[in-house]
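# Structural characterization, general
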Amino acid sequence: MRIARFSIDGNVAFGAVEGDAPDELVLDIIKGIPFADFELSGTKVPLSKVRLLPPVLPNKVVAIGRNYAEHAAELGHEVPEVPVAFFKPSTSVVGPGDPIVYPSFSQELHHEAELAVVIGRMCREVPRERVKDVILGYTCANDVTARDVQQRESQWARAKGFDSACPLGPWIETDLDPGDLAIQCTVNGAQRQLGRTSEMVRPIEDLIVHITEAMTLLPGDVVLTGTPAGVGPLNVGDEVAVTIEGIGTLTNKVIKRG
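So, here is what we can say about the structure in this document. (Residues numbered from 1 in each chain as written. Predicted model: local features only at pLDDT ≥ 70, side-chain atom pairs only at ≥ 80, totals over all residues. Heavy atoms only, no water.)

### Section: the layout of surface pockets
Taken as a whole, the largest pocket encloses approximately 240 Å³ of empty space. What lines the largest pocket is a set of 21 residues, among which Arg-66, Leu-75, His-77, Gln-150 and Trp-156 lie closest to the centre. Of all the elements in the fold, those that place two or more residues in the lining of the largest pocket are strand S6 (61-65) and helix H2 (147-152). With four residues, H2 is the single largest residue contributor to the lining of the largest pocket. Among the residues forming the lining of the largest pocket, the class breakdown is four nonpolar, nine polar and eight charged. (1 Å grid on protein atoms, 1.4 Å probe; cavity = no way out; pocket = protein on both sides within 12 Å on 5 of 7 lines; lining within 4 Å. Points joined across faces, edges and corners; volume = space filled by probe spheres on them. Helix = DSSP H or I, 4+ residues; strand = E, 2+ residues; numbered from the N terminus. Nonpolar A, V, L, I, M, F, W, Y, C, P; charged D, E, K, R; others polar.)

### Quick look at the side chain of Asn-142
Looking at the element boundaries, Asn-142 is found in strand S12 (residues 135-142). By relative accessible area, which is 1% here, Asn-142 ends up buried. Reaching out from Asn-142, the side chain makes a polar contact with the backbone nitrogen of Glu-112 at a distance of 3.0 Å. Those residues within four positions of Asn-142 in sequence are excluded, and the remaining contacts are Ile-100, His-111, Glu-112, Ala-113, Ala-165, Cys-166, Pro-167, Val-240, Val-242 and Leu-250. (Buried < 20%, exposed > 50% of the residue type's maximum accessible area, 1.4 Å probe, protein only. Polar contact = N/O pair within 3.5 Å; in protein donor to acceptor, adjacent residues only side chain to side chain. Contact = heavy atoms within 4.5 Å.)

### Some points on unusual backbone geometry
For the bond running from Gly-169 to Pro-170, omega is 5°, close enough to zero to count as cis. The topology assignment puts Pro-170 in strand S14 (residues 166-173). A positive phi is found at Asp-9, a non-glycine position, where the angle reads about 55°. Along the chain, the position of Asp-9 falls in the loop between strand S1 (2-8) and strand S2 (11-18).

### Remarks on the environment of Asp-221
Mapped onto the elements of the fold, Asp-221 is located in the loop between helix H4 (204-212) and strand S17 (222-224). Residue classification places Asp-221 among the buried residues on the basis of a relative accessible area of 0%. Sequence separation between Asp-221 and Asp-20 is 201 residues, and the spatial gap between their C-alpha atoms is 28 Å. Excluding its chain neighbours within four sequence positions, the residues that come into contact with Asp-221 are Pro-58, Asn-59, Lys-60, Val-117, Val-118, Ile-119 and Thr-216. Polar side-chain contacts of Asp-221 include one of 3.1 Å to the backbone nitrogen of Asn-59. Only 2.8 Å separates the side chain of Asp-221 from the side chain of Lys-60, close enough to count as a polar contact.

### Focus on H4
All of the buried residues in H4 are Ile-204, Leu-207, Ile-208, Ile-211 and Thr-212. Seen end-on, H4 carries its buried residues on one side only, within an arc spanning 115°. Considering only its buried residues, H4 is in contact with S6, strand S11 (113-119), S12 and S17. (Arc of directions from axis to C-beta.)

### Observations concerning the sheet that holds strand S15 (residues 182-187)
If you walk across this open sheet you meet the five strands as S9-S20-S19-S15-S16, and the pairing is mixed. On the outer flanks of this sheet lie strand S9 (100-102) and strand S16 (190-196), each paired with one strand and no other. Along the sheet, successive strands turn relative to each other by an average axial angle of 20°, direction set aside. When S9 meets strand S20 (residues 248-256), the two strands line up parallel, connected through three bridges. (Pairing = 2+ DSSP bridges. Axes fitted to C-alpha atoms, helices over the stretch in contact; angles between N-to-C directions.)

### Thoughts on the sheet that holds strand S13 (residues 145-146)
In space, the three strands of this open sheet follow the order S13-S10-S18, with antiparallel pairing throughout. Pairing within the sheet leaves two strands with one partner each, and these edge strands are S13 and strand S18 (232-234).

### Focus on the pairing of S20
One ladder, built from six bridges, connects strand S19 (residues 239-244) with S20; its direction is antiparallel. What sits directly across from Ala-241, in S20, is Thr-251. The hairpin formed by S19 and S20 contains three residues between the paired strands, and Gly-246 there has a positive phi angle of roughly 85°.

Set out below in structure tokens:
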């Protein structure tokens, strides 16, 4: 099931996305929330009539760095012995079609296409064989990074946590095997990144085990799983799109800070 979060006539709701052709997609409005038992209302609205929002509003986004060997190498790093985890605050999250605002303190903004894991239930110290039980589904993410700031500051809070630095969407796909999916990033239609989730140094199971050894994940929290090689610059006016096989495409435009 594809689950979207959207607004219509000033109201916010979740809906199941139905259909295949982009111009024929409809939303069957969900009664309740997707993190508990819910029913489809049978009330359907065309996707073209709503505004898609970030598919979740996470309490926290836990991101993993250098989880693709070629990406680590392109930035001059070795693959770390243990996963490198960092936070992106909830205020960094934006949805499909929302602008990425170029931060005033950076001159080198980069895209990073990633598979995002959406947590479906509160969990801590999850054993590897139970990881699938705590996952609601998967969505596209762009771990937008102020690369120059990341290189000069030992902590990545500003480089990766500024407002609009975490586009998510367009929806959550709940029925998906994430083991070998194509990940692509284009900028103004030109391909920049192309990789597969099978190239991850550590699979999703290992990442969830590692994270939940230390902290509780809540329903709606998001785990970013790393980016393949090919990261590169974004400029004001660029349109950046992240496409993941079996999920869809997340598109955002870069704008100048007003």
